[in-house]
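If you want the building blocks of each chain, they are given just below.
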Amino acid sequence: MTADRILLFAGGLLGAAGVALSAAAAHAGGGNVATAANFLLFHAPAFLAIGLFGSSAGRVLKAGGWILLVGLLLFTGDLLARHYFGNRLFPMAAPTGGTLMIAGWLVVALAGILRAGSER
C-alpha cells in the first residue's frame, strides 16, 4: 500500500472514529472523549486531501501529513487512555502529540509556500 493510500485510509478511519467517539461522548459523557473526537474530526479531511493529491502532493506535504498523523494519534490516544483506562500512554504523550500536530501543520504550510514557488 502506498503512502497516499495509507493517508487516505487514515482520513476515513479517523473520521469514522471521530463520529463514533462523538456519539460516545454525547451518551456517556467525558470531556476527554469529546476533545479526542473533535480533534479526529477536524484532522480527518486533511488526511483525505493529502492522500487524494497522490503523487502530485510532494514529499514535504506528505511529510507534514505523517507528522500530523503521529501527533494526532499520540494526543488523542493519551486522552482516550486517561478516560477509558485511567492511565496515560506515557508521560508527556499529549503535549508531545500536540507539539507534533503544530509542527505538522507548519510543514503543510511550508509545502504550500514551496509549491507556490515552483509554479513561477
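For the protein chain, the count of helices and strands is 4 helices and 0 strands. What you see in the protein chain, going N to C, is helices and strands ordered as α-α-α-α. Dimensions along the principal axes, computed over C-alpha positions, put the protein chain at roughly 50 × 25 × 25 Å. Looking at the protein chain as a whole, 36% of its 120 residues qualify as buried. Of the contacts made within the protein chain by residues no fewer than 6 positions apart, 67% connect residues no fewer than 24 positions apart.

Attention shifts here to the nonpolar core. Counting residues in each nonpolar core, the largest one holds 24 residues, and the members touching the most others are Leu14, Leu21, Phe47, Leu61, Leu69 and Leu72. Setting aside anything within four residues of it in sequence, one finds Leu14 in contact with Leu40, Ala44, Phe47, Leu69, Leu72 and Leu73.

If you walk through the whole model with that rule in mind, you get 1 aromatic pair. Ring geometry for Phe39 versus Phe75: centroids 4.7 Å apart, planes at 50 degrees, classification tilted. Within this pair, whereas Phe39 is found in helix H2 (residues 31-53), its partner Phe75 is found in helix H3 (residues 59-85), the two being separated by 36 residues in sequence.

Below, the discussion takes up the packing of H2 against H3. Each pair of packed helices can be described by the angle between their axes along with the distance between the axes. For the pair H2 and H3, the least separation of the axes is 10 Å and the interaxial angle reads 160 degrees. Comparing their axes, H3 and H2 come out roughly antiparallel. The handedness of the crossing between H2 and H3 comes out as left-handed.

Turning our eyes to something else, we now look at the packing of helix H1 (residues 3-28) against H3. At a closest axis distance of 12 Å, the pairing of H1 and H3 adopts a crossing angle of 25 degrees. Classed by the angle they form, the pair H1 and H3 counts as roughly parallel. Remark: the crossing between H1 and H3 carries left-handed chirality. Contacts from Ala3, Asp4, Ile6, Leu7, Ala10, Leu14, Leu21 and Ala24 of H1 reach H3 at Lys62, Gly65, Trp66, Leu69, Leu72, Leu73, Leu80 and Tyr84.

A separate point is the pattern of salt bridges. Under the defined criterion, the tally for this structure stands at 3 salt bridges. We note a salt bridge from Arg82 to Asp78, for which the minimum N-O separation is 2.8 Å. Of the two residues, Arg82 and Asp78 both sit in helix H3, 4 residues apart, roughly one turn of that helix. The exposure class assigned to Arg82 is partly exposed, which follows from its relative accessible area of 30%. Residue Asp78 is classed as buried on the basis of its relative accessible area of 0%. A salt bridge links Arg88 to Asp78, with the nearest nitrogen and oxygen atoms 3.9 Å apart. Here the residue Arg88 occupies a position in the loop between H3 and helix H4 (93-118), and Asp78 occupies one in helix H3, the gap between them amounting to 10 residues. Residues participating in the shared-partner salt-bridge network are Asp78, Arg82 and Arg88.

Each value, and the rule that gives it
Residues numbered from 1 in each chain as written. Predicted model: local features only at pLDDT ≥ 70, side-chain atom pairs only at ≥ 80, totals over all residues. Heavy atoms only, no water. Helix = DSSP H or I, 4+ residues; strand = E, 2+ residues; numbered from the N terminus. Buried < 20%, exposed > 50% of the residue type's maximum accessible area, 1.4 Å probe, protein only. Contact = heavy atoms within 4.5 Å. Core = buried A, V, L, I, M, F, W, Y, C linked by side-chain atoms within 4.5 Å. Phe/Tyr/Trp six-rings, centres within 6.5 Å; stacked < 30°, edge-to-face > 60°. Axes fitted to C-alpha atoms, helices over the stretch in contact; angles between N-to-C directions. Parallel < 35°, antiparallel > 145°, perpendicular 65-115°, else oblique. Left-handed = near helix turned anticlockwise from the far one by under 90°. Salt bridge = Lys/Arg side-chain N within 4 Å of Asp/Glu carboxyl O.

The analysis is restricted to geometry; functional conclusions fall outside its scope.
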